[in-house]
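Below are the chains, spelled out letter by letter.
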Amino acid sequence: MTTRLNTTVSLTEPADVLAAVPHMLGFHPTDSLVVLTLHDLAFTPRFGVTLRTDLPCSMQICGFGEHLLSGPLGSQRAEAVMLVVVGAEPNVAACDDNCAGACRRPLLNGPDVDENDTGPPHADLIDMLRDSFNRAGIVTAHAMWAPEIQAGARWRCYADPKCSGEIPDPKSSPVAAAMAAAGAVTFGSRDELRALVEPESPQAVARWSAKLDVLAEERIEDDAQNRVARDVQLVLAAVQRAASGSALTEDDRLRVLLAVSDTRVRDIALGTALGETARAAEELWLALVRNAPAPELPEVAALLAFSAYLRGEGALAGAALERIERTRPDHQLGILLRQAMESGLPPAELAIIARDAAEDARIVLEEEGTW
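Everything numeric in this text was worked out from a predicted model, so none of it was measured. (Residues numbered from 1 in each chain as written. Predicted model: local features only at pLDDT ≥ 70, side-chain atom pairs only at ≥ 80, totals over all residues. Heavy atoms only, no water.)

Visitor: Explain the overall build of the protein here, please?
Guide: Assigned secondary structure in the protein consists of 15 helices and six strands. Within the protein, the fraction of its 371 residues that count as buried is 48%. Sequence separation of at least 24 residues holds for 69% of the intrachain contacts in the protein that already meet a minimum separation of 6. For the protein, the exposed area adds up to about 17,600 Å²; of that, 51% sits on carbon and sulfur atoms. (Helix = DSSP H or I, 4+ residues; strand = E, 2+ residues; numbered from the N terminus. Buried < 20%, exposed > 50% of the residue type's maximum accessible area, 1.4 Å probe, protein only. Contact = heavy atoms within 4.5 Å. Areas by Shrake-Rupley, 256 points an atom, 1.4 Å probe, with all protein chains shown as cover.)

Structural data, given as structure tokens:
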């Protein structure tokens, strides 16, 4: 889910909406169902959140709408939705033997409709979703299909065989221009986005691991009094330096990584996502995630996920959480952030939680005499 764009951009044609979908998500979806919520229909309709999910098998569509409504969509108070199906292949990993063969329907790439045309793929899914959303008081304003979101790809409506056209170049869309102006990046695929948070190289991670061992040994010999307060100051100073354009050395980054591995320091560092240095802090967390060894990874990845989610970059936040879940599935902050995403918790509410967590951490440190 994402609320990446805070600038007003007018979209009046279905093709323009389709071209905007990758920028709303942060990446070009494939074999996906995309749900866009609509609000304020009586005044100037506006988009709310954008949700992407893998296409379900035909055997699994019953109750799929209720499943979506019980998760992120249920808390959005949407008046209407637009449904976009991209591609046709379901999530094969979720298909059982009986379902896999029934899931596949032929792609229809041409604009012409003949008497044998069965319509766009997954029409049964769209019908089921319409019914589910209608029972929940949510209107399905439009439902469209395209084989891919690329320039020149043919799109079709589910309700009207004559409703079709070509997708304009997503790179030239008004939303793309607004995203570029805001410094947001749209990736070519979800895998490309995931690669952003993957380890730079096994060699780099091993080198950082060895250096962290040395720094950890030095800390044992160091005076532990007020260490947490010093670590907090070290982290905040590093973020400020990064925001001012000063380069951090590898040793600087290693010391920050070691510092935020303490959950008390991490909780206070969550506050960096709320100020003017938020983007600099997020870039620092991303750089650390790419080289962090397994023991130190979860806390800095949680900082990255939190920062990205607050900015509306739900896809990036999800990629960071996936790394936590592979490394430490029981990580408490990672679990909480995942629950927040899946329940559709607005970023503004998550910001309040972060402020409270930072304040609680400071109070605990003061009571312990380490602040």
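Still more ground to cover, so stick around.
Visitor: Looking at this structure, I do not really get the side chain of His28. What am I missing?
Guide: In this structure, His28 sits in the loop between α1 (14–25) and β1 (32–39). Within the structure, the side chain of His28 is placed 3.1 Å from the backbone oxygen of Ile149, a separation counted as a polar contact. Residues in contact with His28, not counting those within four places in the same chain, are Pro22, Ile149, Gln150, Pro170, Thr186, Phe187, Gly188, Ser189 and Arg190. (Polar contact = N/O pair within 3.5 Å; in protein donor to acceptor, adjacent residues only side chain to side chain.)

Visitor: It is not clear to me how the side chain of Ser32 should be interpreted in this structure. Could you clarify?
Guide: Summarising the element assignment, Ser32 is placed in strand β1. The class for Ser32 is buried, based on a relative accessible area of 1%. Side chain to side chain, Ser32 and Arg52 meet in a polar contact 2.9 Å long. Once you skip the residues sitting within four places of it in the chain, Ser32 turns out to touch Arg52, Thr53, Leu55, Val84, Val85 and Val86.

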